[in-house]
Amino acid sequence: MNAELGPDLTSDPLGWAHPPWTRAEAQAIHDLPFNDLLFRAQTIHRENFDPNRVQLSRLLSIKTGGCPEDCGYCSQSSHHQSGLKASKLMEVQRVIAEARKARDAGATRYCMGAAWRSPKERDMDAVIAMVEGVKALGMETCMTLGMLDLGQAQRLKQAGLDYYNHNIDTSERYYSEIISTRTFAERLDTLANVRDSGIKVCCGGIVGMGEEKADRIDMLVTLANLPGPPDSVPINMLIPIEGTPLGEAEPIEPIEFVRTIALARIMMPKSHVRLSAGRTAMSDEMQALCFFAGANSIFVGDTLLTAENPGVDKDSVLFRRLGIKAMEREAQ
């Protein structure tokens, strides 16, 4: 390996022959000349995916606000004065009806999120029914409910849950600057329970929270060095929300964001890398660079939990301009 260039693609076409990754290796790739970095990321992307197909997911907040965690970026935390009112858990049939609309609009994966520290036993039957109902529509199912113990994860697997989202958010070093009510280790424990139950892991983070470049690299090193890299890696660009501690955070520089996407693709070549929150602040050109860098999944719809998201019409126009098509739903 050339220390300046990282893994040699001529002998390792997937860039995946030598886990665990070190920060030095990852940073050497991250810091390549931009064109070299994108070429490497696109080469690896084409080895594993159709470069002109993007997977579409829809995200629904099934229980909004009132969360006891103090995540500095989140409008749903009860610790912050964001003006968001807490709601009760949605009715099962309403969730299934919304999922049907999403499927008919082209989404192949349906993600459901609840603002909980962890699900309570009294809510598990309804959550299980949601998974079963969405699964019956022929869609992939994903949930994010906070921390899970192994028993809860096993129940969700039995119901047919395909993916569980639980982000590590940032590096272990910077984590305590963002959250104090849940430890980094507790997040890894939940990921282990999800993995041990047989559910696919969806795990990524947020950039633009005041972290350093090294933190973004360390976050990806942690993800790539999990016992199995996440099947889905959402990379969120912070949406500063008034009333939260990060409400006035300076945005990440666009080229640096694209570098993060490219590094995620190179380090986790077989994962879906999702361009998640923050797309409303991205130009079409920035999104196009992200797709070229290896992003191949997005959330569609007007909202992501409580934040704005580009509408379906805007995404359709961008896809036509770029010659991108939605991934087709796999037979169930």
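In this report, the structure presented in the accompanying data block is examined. Keep in mind it's a predicted model, so treat the numbers as computed, not measured. (Residues numbered from 1 in each chain as written. Predicted model: local features only at pLDDT ≥ 70, side-chain atom pairs only at ≥ 80, totals over all residues. Heavy atoms only, no water.)

Some thoughts on helix H2 (residues 34-48)
The line we're drawing: A run of H or I in DSSP counts as a helix once it spans at least four residues, and a run of E counts as a strand once it spans at least two, with each numbered from the N terminus. Working rule for helices: expected span equals 1.5 Å times residues minus one. Think of it in three bands: residues with accessible area under 20% of the maximum for their type are buried, residues over 50% are exposed, and the middle band is partly exposed, with areas taken using a 1.4 Å probe on protein chains only.
The end-to-end C-alpha distance of H2 is 22 Å, a good match for the 21 Å that 15 residues give at a rise of 1.5 Å each. Those residues of H2 that fall on the buried side of the exposure criterion are Phe34, Leu37, Leu38, Arg40, Ala41, Gln42, Ile44 and His45.

A closer look at the nonpolar core
How we decide: As used in this record, nonpolar core signifies buried Ala, Val, Leu, Ile, Met, Phe, Trp, Tyr and Cys residues forming a set joined through side-chain atoms within 4.5 Å. In this analysis, two residues are considered to be in contact whenever any of their non-hydrogen atoms come within 4.5 Å of each other.
The biggest cluster of nonpolar side chains holds 92 residues, and the ones touching the most others in it are Met143, Leu156 and Phe257. Sort the elements by how many residues they give to this core and helix H9 (residues 254-267) lands first, with eight residues. Excluding anything up to four places from it in sequence, Phe257 contacts Val207, Ile235, Asn236, Met237, Ile252, Leu275, Met282, Met286 and Cys290. Ranked by size, the runner-up nonpolar core spans five residues in total, among them Leu59, Cys142, Tyr163 and Phe299.

What about the environment of Gly228?
Inspection of the secondary structure assignment puts Gly228 in the loop between helix H8 (213-224) and strand E7 (232-237). As for Gly228 and Met268, which are separated by 40 residues in sequence, their C-alpha atoms are 9.8 Å apart.

Some details on the packing of helix H3 (residues 92-104) against helix H4 (residues 121-136)
The test is simple: Between the N-to-C directions of two axes lies an angle of 0 to 180 degrees, each axis being a line fitted to C-alpha atoms and, for a helix, fitted only over the stretch in contact. The cut-offs work like this: below 35 degrees is roughly parallel, past 145 is roughly antiparallel, 65 to 115 is roughly perpendicular, and the gaps in between are oblique. Two helices crossing with the near one rotated counterclockwise from the far one by less than a right angle form a left-handed crossing, whereas a clockwise rotation gives a right-handed crossing.
In contact at an axis separation of 9 Å, H3 and H4 are set at 30° when each is read in the N-to-C sense. Taken together, the axis directions place H3 and H4 in an arrangement best described as roughly parallel. The two elements H3 and H4 cross, and the hand of that crossing is right-handed. Every residue of H4 that contacts H3 at Val92, Val95, Ile96 and Ala99 is listed here: Ala126, Ala129, Met130, Gly133 and Val134.

Looking at the pairing of strand E3 (residues 140-144)
We apply this condition: Whether a crossover is right-handed comes down to one check: with the strands pointing away from the viewer, does the path from the first strand over the helix to the second run clockwise; if it does, it is right-handed. Strands qualify as paired when DSSP identifies two bridges or more between them.
For E3, the buried fraction is high: four of the five residues fall into the buried class. In this view, the connection linking strand E2 (residues 109-114) to its parallel neighbour E3 by way of H4 has right-handed handedness. Here two bridges tie E3 to strand E4 (residues 163-165), and the two strands are oriented parallel to one another. Across the sheet, residue Cys142 finds its bridge partner in E4, namely Tyr163. One crossover worth recording links E3 to the parallel E4 by way of helix H5 (residues 150-159), and it is right-handed.

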